[in-house]
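# Architecture and fold: a report
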Amino acid sequence: MRQLLPARTTLAALLALAAASAAAQSGAIQRTVIERADVSIESREAVVARVELAPGAVAARHTHPGDEISYVLEGEGELLVDGQAPRRVRAGDAFVVPAGQVHAARNTGPGGMRLVGVYVVEKGQPLASPAK
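## Section: the sheet that holds strand β4 (residues 66-74)
Hydrogen bonding along the main chain pairs the strands of a sheet, whether they run parallel or antiparallel. With respect to topology, five strands assemble into an open sheet ordered β1-β2-β9-β4-β7, the strand pairing being antiparallel. If you trace the sheet from one side to the other, it starts and ends with β1 (29-38) and β7 (94-97), each paired once. Each strand of the sheet is rotated relative to its neighbour by a mean of 20 degrees, with strand direction disregarded. Pairing analysis gives eight bridges linking β4 to strand β9 (residues 113-122), with the strands arranged antiparallel. Its bridge partner lying in β9, D67 is registered against V120.

## Details of the nonpolar core
Generally speaking, soluble globular proteins have nonpolar side chains that are buried together. Within the largest apolar cluster, 19 residues are counted, with the highest numbers of intra-cluster contacts made by L53, V72, F95, M113, L115 and Y119. Among the elements of the structure, β2 (44-53), β5 (76-81), β7 and β9 are those that each provide at least two residues to this core. Not counting the four nearest positions on each side in its chain, L53 is found in contact with A28, I29, A59, A105, N107, G112, M113 and L115.

## Some details on empty space enclosed by the protein
All chains considered together, the criterion is met by one cavity of 30 Å³ or more. Estimates place the volume of the largest cavity at around 160 Å³. Together, 21 residues line the largest cavity, and L53, E68, F95, A105 and L115 are the ones closest to its centre. Sorting the residues of the lining of the largest cavity by element identifies β1, β2, β3 (58-63), β4, β5, β8 (103-107) and β9 as the ones contributing at least two each. Per-element accounting of the lining of the largest cavity gives the leading share, four residues, to β8.

## Focus: the pattern of salt bridges
Enumeration over the complete set of coordinates arrives at seven salt bridges. Of the charged contacts in the structure, one is a salt bridge between D82 and R61, with a shortest N-O distance of 2.5 Å. Taken together, the residues span a long stretch of sequence, with D82 in the loop between β5 and β6 (87-90) and R61 in strand β3 at a distance of 21 residues. In this structure, the salt-bridge partner of E76 is R88, at a minimum N-O distance of 3.0 Å. With a gap of 12 residues between them, E76 in strand β5 and R88 in strand β6 connect regions that are remote in the sequence. A residue is classified by how much of its surface remains accessible, and R88, at 45% relative accessible area, is partly exposed.

## Comments concerning the side chain of E68
If you trace the backbone, E68 turns up in strand β4. Despite its burial, E68 remains without a salt bridge, the nearest opposite charge being carried by R31 at 6.0 Å. At 3.1 Å, the side chain of E68 forms a polar contact with the side chain of H64. In this structure the side chain of E68 is engaged in a polar contact, spanning 2.8 Å, whose partner is the side chain of S70. When residues no more than four places from it in sequence are discounted, the contact partners of E68 are F95, V96, V97, H103, V118 and Y119.

Definitions and limits used
- Residues numbered from 1 in each chain as written.
- Predicted model: local features only at pLDDT ≥ 70, side-chain atom pairs only at ≥ 80, totals over all residues.
- Heavy atoms only, no water.
- Pairing = 2+ DSSP bridges.
- Helix = DSSP H or I, 4+ residues; strand = E, 2+ residues; numbered from the N terminus.
- Axes fitted to C-alpha atoms, helices over the stretch in contact; angles between N-to-C directions.
- Core = buried A, V, L, I, M, F, W, Y, C linked by side-chain atoms within 4.5 Å.
- Buried < 20%, exposed > 50% of the residue type's maximum accessible area, 1.4 Å probe, protein only.
- Contact = heavy atoms within 4.5 Å.
- 1 Å grid on protein atoms, 1.4 Å probe; cavity = no way out; pocket = protein on both sides within 12 Å on 5 of 7 lines; lining within 4 Å.
- Points joined across faces, edges and corners; volume = space filled by probe spheres on them.
- Salt bridge = Lys/Arg side-chain N within 4 Å of Asp/Glu carboxyl O.
- Lys, Arg positive; Asp, Glu negative; His and termini not counted.
- Polar contact = N/O pair within 3.5 Å; in protein donor to acceptor, adjacent residues only side chain to side chain.

Okay, here's the thing in C-alpha cells:
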C-alpha cells in the first residue's frame, strides 16, 4: 500500500499538469469586445476588443472576415502569418493582418500578453474562424 501512494500522487500530479496545459490551450486567447460600430463601408463594422494570451499560450491558426489592426499593450510574442517569417512583437508594437490571411500568435514572454485589436469586418460573421 505504501508503494501505491507515491504512484497515485505522481499520477495525480501528472493529470493536474496535463489538465492545466489543456486549459491553457483551450483558453489560449480571450477576446473581450469593447465596442462595435458601423463604418463608412456598407455591410462592415468596426469591432474594438481587448485581446489576452495566457503565459505560453498559442492562438491556433485562424482568419478574420476583415482586417485586423492590433497594438501590443503588454508582454511579448510572435505573430505567425502563413508565408512569412515569424515576427516578434512586444509592448509598443503594432501590426496589421489583412482580411482572410491565415495567422497564429504565440505568447513567448514570462507573463500574460495583452493587445487592443481593432477589426473592420463583415457584419454578421464570426470575429475569428479556425483556419482550414
